[in-house]
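Inside the fold
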Amino acid sequence: MIVMKFGGTSVESAAAIDRVACIVQERLPLKPVVVVSAMAKITDQLLAMGRTAGRGDLQAALDLSRAARERHFATATELLGADTATHAELAAMFNALDELLRGISAVGELTPRTTDNVCSFGERLSSVLVTAAFGARGMPAVLVDARNVIVTDAAYTKAVPQMGETNDRLQAHVRPLLERGLVPVMGGFMGATRQGVTTTIGRGGSDFSAAIVGAGLDAERIEIWTDVDGMKTTDPNLCPEARRIREISFEEAAELAYFGAKVLHPATVVPAIQKNIPVLVLNSRNPKNEGTRITARGVRSTNVFKAIAAKKRITIVDVVSARMLMAHGFLKSIFEVFDKYRCPVDVVSTSEVSVSLTVDSDEVLPAIAAELRDLAEVKYEGHKAIVCLVGENIRGIPGIAAKVFTAISDINVRMISQGASEINITFVIEEDAVPEAVRRLHAAFFSQADPAVFD
Ligand code: ADP
Ligand code: ASP
Ligand code: MG
């Protein structure tokens, strides 16, 4: 069997869903399980509805809901004709959403738990639409509610899937459908706790859902269908010269995804690595293109790097020891506090008297600074970005750092790190300098691209 995941732009309209149906139809002999995102922009709109209702502006929230309802209805009509059972199903879901928004507005508060409930409507709606569209085109599609399958903890908005139970449910609920020759369709991004409370697994998480399903059912491959021809040497929005990467290793892809290549959710490769399942990134608008193949081995190229990623909205934190000299246990005490506040740290660099690190949310920094008060002074500065160059070829080649920093010699670099795993060089700059830095680095390292690896 295979897993095929279609992102928001791939199901954004009737025409897009029609393309998806054709793509899946061609793969029927491979026994696909289909995972879909919410229609493009719907998750953002649902979040806006929740926040608006939480502020007490119920009418504005209901207006946003009405617009989303009309879009889903119009798409259903285009795909299936007017007034079908699917319209009734969509209407029931929108009524439930509106009821929820009224509740949020009445209590005047939007909790993370309710946020997840609101957000889950995006994938619940799109999966109903796509299942019906497949059926209308002669495919034996059946809807699977992801909340009966993906079991997570209760860390709302970033819930962690519990693999053992999820795998059991995949075997119990999804495997038999495949054995009967059916095409299971499920929404990505959402799950539920063991008690059945709806959760979501983090923005962009449908890729991760697909990988979980693939690993649980021992898929031959996991296909991530999106709106570009695979993973590129950098974000094509920043740099139109970006080239398609034909093949890349799990490790390289994970670094890129983690440091900002939005095309893949960073957790996607984790289940794939465990079962050694290749992940393909493909373009639903250009299905003939081979896309990018992510495998355990990857490939060597004559280029030093495979790609450049950038992650904005980063805060630099400077933790300066109150005792001038870094005492034994200083690092441990610092990281214990970051851990206590569940604040992930990305880049770290140390000196005798201070530790600099980066975080991607400054929400908990005042609390962390207060807790570290006796030990250190904590200063922080926002609007920074991490730029990360990834490639397994940098192992053992001298002069690479010099070439990187020469290319951006007039850009102020605030932190630098090259991991011992030696597959990336990472540095921190001002957010506004990202486009210029990425373009220059791309020109320096990819103006001549190895045709065996890059398109
Ligand atoms: P989907 O809705 O299919 O999940 P996303 O919007 O999450 O799609 O991801 C696809 C987008 O990721 C592309 O349209 C592109 O703008 C962006 N992107 C960022 N970095 C890269 C990269 N290195 N390669 C390809 N796309 C990238
Ligand atoms: N719809 C969710 C989001 O926009 C999940 C996804 O698309 O992967 O974040
Ligand atoms: Mg995505």
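Relevant structure appears above.
Residues numbered from 1 in each chain as written. Chains lettered and ligands numbered in written order. Predicted model: local features only at pLDDT ≥ 70, side-chain atom pairs only at ≥ 80, totals over all residues. Heavy atoms only, no water.

**Digging into helix 12 (residues 400-407)**
- Those residues of helix 12 that sit buried are Ile400, Val404 and Ala407. Angularly, the buried residues of helix 12 cover 70 degrees about the axis, an arc narrow enough to put them on a single face.
- In this structure, the buried side of helix 12 is in contact with strand 14 (376-390), strand 16 (424-430) and helix 13 (434-446). (Buried < 20%, exposed > 50% of the residue type's maximum accessible area, 1.4 Å probe, protein only. Helix = DSSP H or I, 4+ residues; strand = E, 2+ residues; numbered from the N terminus. Arc of directions from axis to C-beta. Contact = heavy atoms within 4.5 Å.)

**Things to note about the nonpolar core**
- Counting 82 residues, the largest nonpolar core has Met231, Leu264, Ile294, Phe305, Val404 and Leu441 as the members making the most contacts within it.
- Discounting residues that sit within four places of it in the chain, Phe305 has contacts with Leu389, Val390, Gly391, Ile394, Ile400, Val404, Ile425, Phe445, Phe446 and Phe454.
- Core analysis: the second largest hydrophobic core is formed by 45 residues, Val24, Val34, Met49 and Val183 among them. (Core = buried A, V, L, I, M, F, W, Y, C linked by side-chain atoms within 4.5 Å.)

**Concerning the site of ligand 2**
- Surrounding ligand 2, one finds Ser37, Thr43, Glu123, Phe189, Arg203, Gly204, Gly205 and Ser206.
- Measuring from an oxygen atom of ligand 2, one finds a side-chain N or O atom of Ser37 at 3.0 Å.
- Glu123 places a side-chain nitrogen or oxygen 2.7 Å from a nitrogen atom of ligand 2.
- For ligand 2, the accessible surface in isolation is 260 Å², of which the surrounding protein chains cover 86%.
- Looking at the shell around ligand 2, its residues break down into one nonpolar, five polar and two charged. (Near = heavy atom within 4 Å. Polar contact = N/O pair within 3.5 Å; in protein donor to acceptor, adjacent residues only side chain to side chain. Areas by Shrake-Rupley, 256 points an atom, 1.4 Å probe, with all protein chains shown as cover. Nonpolar A, V, L, I, M, F, W, Y, C, P; charged D, E, K, R; others polar.)

**Examining the side chain of Ser249**
- Structurally, Ser249 is set in strand 8 (residues 247-249).
- For Ser249, a relative accessible area of 0% gives the class buried.
- Setting aside residues up to four positions removed in sequence, Ser249 forms contacts with Ile294, Thr295, Ala296, Arg297, Gly298 and Glu392.

**Examining the pairing of strand 15 (residues 415-418)**
- Covered by surrounding structure in strand 15 are Met415 and Ser417 only, the residues Ile416 and Gln418 on the alternate face being uncovered.
- As defined by bridge partners, strand 15 adjoins strand 16 across four bridges and the pair is classed as antiparallel. In the sheet register, Gln418 faces strand 16, and the bridge partner there is Ile425. (Pairing = 2+ DSSP bridges.)

**Regarding the sheet that holds strand 9 (residues 279-283)**
- Taking strand neighbours across the sheet as the criterion, the eight strands line up as 3-4-2-1-7-9-10-8 in an open arrangement whose pairing is mixed. Each edge of the open sheet is held by one strand with a lone partner, namely strand 3 (141-144) and strand 8. Taken pair by pair, the neighbouring strands of this sheet meet at an average axis angle of 20 degrees, ignoring direction.
- Here strand 2 (residues 32-36) runs beside strand 4 (residues 183-187); their pairing, made up of three bridges, is parallel. (Axes fitted to C-alpha atoms, helices over the stretch in contact; angles between N-to-C directions.)

**Quick look at the sheet that holds strand 14**
- Pairing is antiparallel in the open sheet, where six strands are placed in the order 12-13-11-14-16-15. Strand pairing shows two members of the sheet lacking a second neighbour, strand 12 (348-350) and strand 15, which therefore form its edges. Taking each pair of neighbouring strands and ignoring which way they run, the sheet shows an average axis angle of 25 degrees.
- Contacts between helix 10 (residues 330-340) and the sheet are confined to strand 11 (307-321), strand 12, strand 13 (354-359) and strand 14, with strand 13 contributing the most and set at about 25 degrees to the helix.
- Running at roughly 25 degrees to strand 16, helix 12 makes contact with strand 14, strand 15 and strand 16 of the sheet.

**A short note on the site of ligand 1**
- Lining the immediate environment of ligand 1, one finds 17 residues, of which Thr226, Asp227, Lys232, Asn237 and Lys262 sit closest.
- A distance of 3.1 Å separates an oxygen atom of ligand 1 from a polar atom in the backbone of Gly8.
- Here an oxygen atom of ligand 1 and a backbone polar atom of Val263 are 3.4 Å apart.
- Its free accessible area being 580 Å², ligand 1 has 87% of it covered by the protein chains.
- Split into classes, the residues belonging to the shell around ligand 1 amount to six nonpolar, six polar and five charged.

**Side note on the side chain of Thr43**
- With respect to the helices and strands, Thr43 occurs in helix 2 (residues 42-54).
- Contact partners of Thr43, with chain neighbours within four places excluded, come to Ala38, Cys119, Glu123, Phe189 and Arg203.

**With respect to the packing of aromatic side chains**
- Tallying each qualifying case throughout the model produces five aromatic pairs.
- Where Phe305 meets Phe445, the ring centres are 4.9 Å apart and the plane angle is 80 degrees; that geometry is what we call edge-to-face. In this pair, Phe305 is assigned in the loop between strand 10 (292-295) and strand 11 and Phe445 in helix 13, connecting sequence segments 140 residues apart.
- You can call Phe445 buried: its relative accessible area is 7%.
- Centroid distance Phe446 to Phe454: 5.5 Å. Interplanar angle 75 degrees. Geometry classified as edge-to-face. (Phe/Tyr/Trp six-rings, centres within 6.5 Å; stacked < 30°, edge-to-face > 60°.)

**Focus: the pattern of salt bridges**
- What the rule picks out here adds up to 26 salt bridges.
- Between Asp218 and Lys275 there is a salt bridge, and its shortest N-O distance comes to 3.0 Å. Of this pair, Asp218 sits in the loop between helix 7 (206-216) and strand 7 (221-226) while Lys275 sits in helix 9 (residues 269-275); the two residues are 57 residues apart in sequence, bridging distant segments of the chain.
- Through salt bridges with shared partners, a single network forms among Arg244, Arg246, Glu290 and Asp455. (Salt bridge = Lys/Arg side-chain N within 4 Å of Asp/Glu carboxyl O.)

**Looking at the environment of Val20**
- Along the chain, Val20 turns up in helix 1 (residues 14-26).
- Judged by relative accessible area, Val20 falls into the buried class, the value being 0%.
- Separated by 420 residues in sequence, Val20 and Arg440 have C-alpha atoms that sit 37 Å apart.
- If we skip the residues at most four places from it in the chain, Val20 touches Phe6, Ser10, Val11 and Phe134.

**With respect to the packing of helix 1 against helix 3 (residues 58-80)**
- Packing of helix 1 against helix 3 leaves a shortest axis separation of 9 Å and a crossing angle of 50 degrees. Here helix 1 is positioned oblique relative to helix 3, judged by the angle of their axes. Pair helix 1 / helix 3 crosses with right-handed handedness. Facing Ala14, Ile17 and Asp18 of helix 1, the residues of helix 3 in contact are Thr75, Glu78 and Leu79.
- Residues of the contact of helix 1 with helix 3, tallied by class, amount to three nonpolar, one polar and two charged. (Parallel < 35°, antiparallel > 145°, perpendicular 65-115°, else oblique. Left-handed = near helix turned anticlockwise from the far one by under 90°.)

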